[in-house]
Amino acid sequence: MTATEFTPTTPPKRWLDLGVCALLFAAVWLVFGQTRDFGFVDYDDPDYVSENPMITSGLTGGGMAWAFTHAHSANWH
């Protein structure tokens, strides 16, 4: 019998795996769970999306070419 085989005195490895997953889930929830009540940050949405005529005109070939060749709001896209 090798060391990796299941013996009656050792718990199955899947319980250890599930325990580690549960611990990681709890840690992530403790750190990031509070963000579920935060508001959406939209500092640059008017410049990039809602007030940008190239975006509001819809998905067009010209709009896609513009996005890859022009600077807008001091950023290259």
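This is a predicted model, so every value here is computed, not measured.

## Examining the overall build of the protein
The number of helices and strands found in the protein is four helices and two strands. Start at the N end of the protein and walk to the C end: the helices and strands fall as α-α-α-α-β-β. The 77 residues of the protein split such that 8% are buried.

## Focus: the side chain of Asn52
As for its placement among the helices and strands, Asn52 is situated in the loop between α2 (45-50) and α3 (53-56). Looking at Asn52, the relative accessible area reads 3%, which means it is buried. Reaching out from Asn52, the side chain makes a polar contact with the backbone nitrogen of Met54 at a distance of 3.0 Å.

## A closer look at the pattern of salt bridges
This model, assessed by the stated rule, comprises one salt bridge. Between Lys13 and Asp17 there is a salt bridge, and its shortest N-O distance comes to 3.1 Å. Of this pair, Lys13 and Asp17 are both found in helix α1 (residues 13-32), four residues apart, which corresponds to roughly one turn of the helix. Among the residues examined, Lys13 registers a relative accessible area of 57% and is labelled exposed.

## Describing the confidence of the model for the protein
Mean pLDDT over the protein: 81, with 78% of residues reaching 70 or higher. Within the protein, the element-level pLDDT minimum falls on strand β2 (residues 75-76), averaging 60, and the maximum on α1, averaging 93.

## Regarding the environment of Val49
Position of Val49 relative to the elements: it lies in helix α2. The partly exposed category is assigned to Val49, whose relative accessible area is 44%. Once residues within four sequence positions are removed from consideration, Val49 is found in contact with Ile55 and Thr56.

## Side note on a negative patch on the surface
A cluster of acidic residues, Asp42, Asp44, Asp47 and Glu51, forms a negative patch at the surface. With respect to the helices, strands and loops of the structure, Asp47 is situated in helix α2.

## As for the environment of Asp45
Looking at the element boundaries, Asp45 is found in helix α2. Once you skip the residues sitting within four places of it in the chain, Asp45 turns out to touch Phe40 and Ser50.

Conventions adopted
Residues numbered from 1 in each chain as written. Predicted model: local features only at pLDDT ≥ 70, side-chain atom pairs only at ≥ 80, totals over all residues. Heavy atoms only, no water. Helix = DSSP H or I, 4+ residues; strand = E, 2+ residues; numbered from the N terminus. Buried < 20%, exposed > 50% of the residue type's maximum accessible area, 1.4 Å probe, protein only. Polar contact = N/O pair within 3.5 Å; in protein donor to acceptor, adjacent residues only side chain to side chain. Salt bridge = Lys/Arg side-chain N within 4 Å of Asp/Glu carboxyl O. pLDDT = per-residue confidence, 0-100. Contact = heavy atoms within 4.5 Å. Patch = residues over 30% accessible without salt bridge, like charges linked within 9 Å, V, L, I, M, F, W, Y side chains within 5 Å. Areas by Shrake-Rupley, 256 points an atom, 1.4 Å probe, with all protein chains shown as cover. Lys, Arg positive; Asp, Glu negative; His and termini not counted. Charge placed at Lys NZ, Arg CZ, Asp CG, Glu CD.

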